[in-house]
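Listed below, chain by chain, are the residues.
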Protein chains: 2
Amino acid sequence: MTEPLALGIDIGGTNTCFGIVDRRGRILMQGSMSTLGHDTVQEYIAALSKELTKAMEQVDIERVIGVGVGAPNGNYFTGEIAYAPNLPWEGAIPLAKLLSESLHKKVTITNDANAAAIGEMMYGAAKGMKDFIMVTLGTGVGSGFVANGQLLYGHDGFAGEIGHVISVRDGRMCGCGRRGCLETYASATGIVRTAHEWLEDREDDTLLRKDKVGLTSQHIFNAAEKGDAMALEIFEYTGKILGQTMADAVAITSPQAIIFFGGLAKAGDMLMKHVQHYMEANLLRIYKNKVALLYSALPDVDVAILGASALVW
Amino acid sequence: MTEPLALGIDIGGTNTCFGIVDRRGRILMQGSMSTLGHDTVQEYIAALSKELTKAMEQVDIERVIGVGVGAPNGNYFTGEIAYAPNLPWEGAIPLAKLLSESLHKKVTITNDANAAAIGEMMYGAAKGMKDFIMVTLGTGVGSGFVANGQLLYGHDGFAGEIGHVISVRDGRMCGCGRRGCLETYASATGIVRTAHEWLEDREDDTLLRKDKVGLTSQHIFNAAEKGDAMALEIFEYTGKILGQTMADAVAITSPQAIIFFGGLAKAGDMLMKHVQHYMEANLLRIYKNKVALLYSALPDVDVAILGASALVW
């Protein structure tokens with residue numbers, strides 16, 4: 001018998017990546033196209049379907065038993081992408097339905113951080129774990145909570161928004177309309193906001209001052225690597241807020257590990273030594289020295305595609 | 001065939017209550033004894049076993065197929081009660097093992113708030129719900145999280161300690177050794193601490209001043225009912241902190257409802273209208289107007305006994 005395959009799709013604000021995956025997590029082939037440049041979501045779906053059909057024909061279209069999609073604000077229960085600030089479509093898009101009608105395959109959708117959590121659980125750093133938190137530190141902060149071996153969806157499919165836990169009461173304005181959300185501090189954009197605030201408020205000499213226009217998290221990392229005091233302090237400040245917030249999350253789900261993924265996670269120990277320190281310092285005694293902080297064990301693109309494809313199995 | 005029965009035990013800091021329960025949640029008989037006054041845990045177990053055996057003999061000891069226990073810091077995985085500050089025994093007590101050896105029945109244990117959550121799910125306000133949070137507002141604050149129809153235990157059995165989420169960064173000293181835990185504000189003792197702090201710091205005329213010695217949450221409630229401005233403000237302050245913290249918890253598990261139980265929950269609308277207001281004001285848009293705040297639908301003693309007995313089924 002020919003082995004069944006799954007199609008995994010990762011819809012990002014800029015690119016849509018996809019891959020055809022077997023049960024063991026081997027990506028047989030992969031491709032991508034731009035998420036942007038389509039006038040309507042229908043045109044996007046038409047263009048995507050064409051690419052996907054081409055890909056499936058190369059392995060035998062009948063072997064592909066289903067399609068899994070990871071997308072910002074993707075909802076597992078409704079099949080919709082609802083009000084995703086980083087995607088070009090407005091309102092609630094019935095993406096699973098549209099794609100299913102076009103491909104004549106069953107389509108399952110979840111949000112991108114949940115897909116990453118499933119990918120890590122099946123093929124990555126969380127293999128064999130039943131209780132862990134996946135945290136994506138990108139432009140924003142996303143999360144997927146796994147408990148008792150299952151992804152937490154909540155009653156409406158919207159569980160796991162740790163990026164919008166209030167880390168600093170009455171803190172920075174967030175794109176969601178509230179103040180002090182974790183993602184206004186502990187994301188690639190949040191760390192840049194910290195730098196801009198400090199450059200404004202402080203006088204100390206720092207390499208960051210010359211990069212002020214067009215400053216990115218990469219500049220801050222590079223400066224920290226060179227021993228720049230303000231850049232190092234920014235990483236400590238960011239790690240403190242992230243560590244404190246993770247300590248509170250641990251008090252709710254008591255995970256075996258927290259797995260970090262995404263651009264800012266690449267700062268590695270520069271950030272994580274502080275996350276570790278401040279998380280431990282803020283943990284209730286029964287949780288101390290028990291929660292492992294880990295990095296994703298899969299290549300960036302693969303995590304999302306593998307996780308999305310795993311929805312099929 | 002005779003219907004099987006379960007024995008449910010609720011171990012509190014003062015009293016140990018127990019009941020024999022059928023599958024439909026009918027308590028066929030119940031009793032209690034003091035938790036205190038036993039020199040060692042062994043003597044406590046011996047005295048308890050005697051009471052339980054007497055009770056079981058009245059219904060037919062063979063029909064009782066198992067024993068469930070709810071206790072502060074009870075751990076479902078290890079069967080131990082570990083470092084419970086409100087119980088008279090020190091260290092980790094292998095309670096399930098001791099009681100099982102004494103009664104010759106299978107004994108399962110969990111913490112008191114988890115037991116209450118199971119009780120509400122099987123017989124109370126959460127009947128039919130798959131995603132909810134149970135919050136007990138007593139001397140401390142406890143919680144049990146149910147997601148996908150299952151209690152969240154976490155990897156070590158210690159999940160669900162919302163009482164020790166940091167609600168106020170660098171806030172009040174907590175018995176756990178850290179600062180700003182929810183239970184230092186939103187418990188029967190927390191609300192009294194608020195009153196004492198305010199009586200100390202402020203000059204306004206209030207009924208609470210004459211009750212200052214021996215002040216309880218009941219005094220504050222009575223004063224608020226009479227329209228006392230400070231007492232009313234204390235309930236708003238308490239509800240604000242509780243509401244803000246629940247908003248953060250919602251962002252993690254997205255529950256259908258939060259169910260409140262315990263002494264301070266009896267303040268009813270006096271507290272809950274503020275919890276509702278501040279929770280909604282702090283919720284991310286996707287969660288707004290979706291989370292019901294409910295009260296336990298079971299009599300106080302019954303919740304704990306029913307929940308503990310439900311561990312058996």
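Computed from a predicted structure; not experimentally measured.

Quick look at the overall build of chain A now. A count of helical and extended segments in chain A gives eight helices and 12 strands. Relative to the compact-globule value of 20 Å for 313 residues, chain A shows a C-alpha radius of gyration of 20 Å, a close match. Across its three principal directions, the C-alpha atoms of chain A cover 65 × 45 × 35 Å.

It is worth spelling out the interface of chain B and chain A at this point. The partner chain A presents 34 residues to the 34 residues of chain B that form the contact. It is helix H6 (residues 229-253) of chain B that provides the largest number of residues to the side of chain B that touches chain A, a total of five residues. Looking at the side of chain B that touches chain A residue by residue, the class counts come to 16 nonpolar, 10 polar and eight charged.

Residues and elements named next belong to chain B. Strand order in the open sheet formed by five strands is S3-S2-S1-S4-S7, with mixed pairing between adjacent strands. Two strands bound the open sheet, and with one partner strand each, they are strand S3 (27-34) and strand S7 (107-110). Across the sheet, the axes of successive neighbouring strands diverge by a mean angle of 20°, strand direction being ignored. Sheet analysis places strand S1 (residues 5-11) next to strand S2 (residues 15-21), joined by six bridges and oriented antiparallel. By the bridge assignment for S2, Asp10 is matched with Cys17. Sheet strands in contact with helix H1 (residues 41-59) are S1, S2, S3 and strand S4 (64-70), and its direction is about 160° off that of S3. Along the sheet face, helix H2 (residues 95-103) touches S4 and S7 and points at about 155° away from the line of S7.

All names here are of chain B. Taken in spatial order, the five strands make up an open sheet running S10-S9-S8-S11-S12, and their pairing is mixed. Two strands in the sheet have a free side with no partner beyond their single neighbour: strand S10 (150-151) and strand S12 (292-295). Note: strand S8 (residues 132-137) against strand S11 (residues 257-261), five bridges, orientation parallel. Paired with Val135 across the two strands is Phe260, which belongs to S11.

Residue and element names in this part refer to chain A. Looking at chain A, the domain boundaries give domain 1 (5-119 + 301-310) and domain 2 (129-296). In this assembly, 14 residues from domain 1 lie in contact with 16 residues from domain 2. For the side of domain 1 that touches domain 2, the element with the highest residue contribution is helix H3 (residues 112-123), accounting for six residues.

On to the environment of Gly124(A). Residue and element names in this part refer to chain A. Mapped onto the elements of the fold, Gly124 is located in the loop between H3 and strand S8 (132-137). Judged by C-beta crowding, with 25 C-beta atoms within 10 Å, Gly124 ranks as buried. For the pair Gly124 and Ala147, spaced 23 residues apart in sequence, the C-alpha separation works out to 17 Å. Residues contacting Gly124, with those up to four places away along its chain left out, are Gly119, Ser296, Ala297, Leu298 and Val303.

A pair of packed helices can be characterised by two numbers: the angle between their axes and the separation between those axes. Residues and elements named next belong to chain A. Where helix H6 (residues 229-253) contacts helix H7 (residues 269-282), the two axes come as close as 7 Å, and the packing angle between them is 40°. Of the possible angle classes, the one that applies to H6 and H7 is oblique. Two packed elements cross with a definite hand, and for H6 against H7 that hand is right-handed. Where H6 approaches H7, its residues Phe235, Glu236, Thr238, Gly239, Lys240, Leu242, Gly243, Gln244, Met246 and Ala247 are matched on the opposing element by Met270, Leu271, His274, Val275, Gln276, His277, Tyr278, Met279 and Asn282. Tallied by class, residues from the contact of H6 with H7 come to nine nonpolar, eight polar and two charged.

Let us look at the relation of the copies chain B and chain A. A rotation about an axis combined with a shift along that same axis relates the two copies of the chain. For these two chains of identical sequence, chain B goes onto chain A by a turn of 180° and a shift of 0.0 Å along the axis, with RMSD 0.0 Å. Both copies of the chain, as the preceding transformation shows, are related through a two-fold rotation axis. A symmetric contact is evident, with 100% of the interface residues of chain B recurring at the interface of chain A.

Time to look at helix H4 (residues 188-201) of chain A. All names here are of chain A. Compared with the 20 Å implied by 1.5 Å per residue over 14 residues, the 21 Å span of H4 between its first and last C-alpha is a close match. Within H4 the residues assigned to the buried category are Ala188, Gly190, Ile191, Thr194 and Ala195. Structurally, H4 contributes buried residues whose contacts are with helix H5 (217-225) and H6.

Before going further, it helps to spend a moment on unusual backbone geometry. Residues and elements named next belong to chain A. The phi dihedral of Asp170 falls on the positive side, at around 60°, and the residue is not glycine. Inspection of the secondary structure assignment puts Asp170 in the loop between strand S10 (150-151) and H4. Look at Asp170 and you get exposed, because 7 C-beta atoms sit within 10 Å.

Of all the five residues making up strand S11 (residues 257-261) of chain A, four are buried; the element is thus mostly covered by neighbouring parts of the structure. Each parallel crossover has a hand, and for S11(A) linked through H7(A) to strand S12 (residues 292-295) of chain A it is right-handed.

Counting all residues, the mean pLDDT for chain A is 94, and 100% of those residues have values of 70 or more. The complex model carries a pTM of 0.94, and its ipTM stands at 0.93.

What follows deals with the pairing of strand S9 (residues 141-147) of chain B. Residues and elements named next belong to chain B. With seven of seven residues buried, S9 is to be regarded as a mostly interior element. Where burial is concerned, the two faces of S9 agree: the one with Val141, Ser143, Phe145 and Ala147 and the one with Gly142, Gly144 and Val146 are both buried. When S8 meets S9, the two strands line up antiparallel, connected through six bridges. Among the inter-strand pairings, Val135 is bridged to a residue of S9, identified as Ser143. Sheet topology note: the S9/S10 ladder contains two bridges and is antiparallel. When the bridges of S10 are listed, Val146 appears paired with Leu151. What sits between S9 and S10 in their antiparallel hairpin is a turn of two residues, with Asn148 showing a positive phi close to 50°.

Residue and element names in this part refer to chain A. Contact pair H4 / H6: the axes reach a minimum separation of 10 Å and the direction vectors enclose 130°. Between H4 and H6, the crossing angle belongs to the class labelled oblique. For the pair H4 and H6, the sense of crossing is right-handed. Here Ile191, Thr194, Ala195 and Trp198 of H4 come into contact with H6, specifically with Met230, Ile234, Tyr237 and Thr238. Of the residues contributing to the contact of H4 with H6, the split by class is six nonpolar, two polar and no charged.

The next subject is the environment of Pro255(A). Residue and element names in this part refer to chain A. Along the chain, the position of Pro255 falls in the loop between H6 and S11. A residue is classified by how many C-beta atoms lie within 10 Å of it, and Pro255, with 28 of them, is buried. Separated by 137 residues in sequence, Pro255 and Ile118 have C-alpha atoms that sit 15 Å apart.

Thresholds, definitions, all that
- Residues numbered from 1 in each chain as written.
- Chains lettered and ligands numbered in written order.
- Predicted model: local features only at pLDDT ≥ 70, side-chain atom pairs only at ≥ 80, totals over all residues.
- Helix = DSSP H or I, 4+ residues; strand = E, 2+ residues; numbered from the N terminus.
- Rg over C-alpha atoms; globule rule 2.2 N^0.38 Å.
- Contact = placed C-beta atoms within 7 Å.
- Nonpolar A, V, L, I, M, F, W, Y, C, P; charged D, E, K, R; others polar.
- Pairing = 2+ DSSP bridges.
- Axes fitted to C-alpha atoms, helices over the stretch in contact; angles between N-to-C directions.
- Domains from an automatic or database assignment.
- Buried ≥ 20, exposed ≤ 12 C-beta atoms within 10 Å, placed from the backbone.
- Parallel < 35°, antiparallel > 145°, perpendicular 65-115°, else oblique.
- Left-handed = near helix turned anticlockwise from the far one by under 90°.
- Least-squares fit on C-alpha atoms with pLDDT ≥ 70 in both.
- Expected span 1.5 Å × (residues − 1).
- Right-handed = clockwise from strand over helix to strand, strands pointing away.
- pLDDT = per-residue confidence, 0-100.

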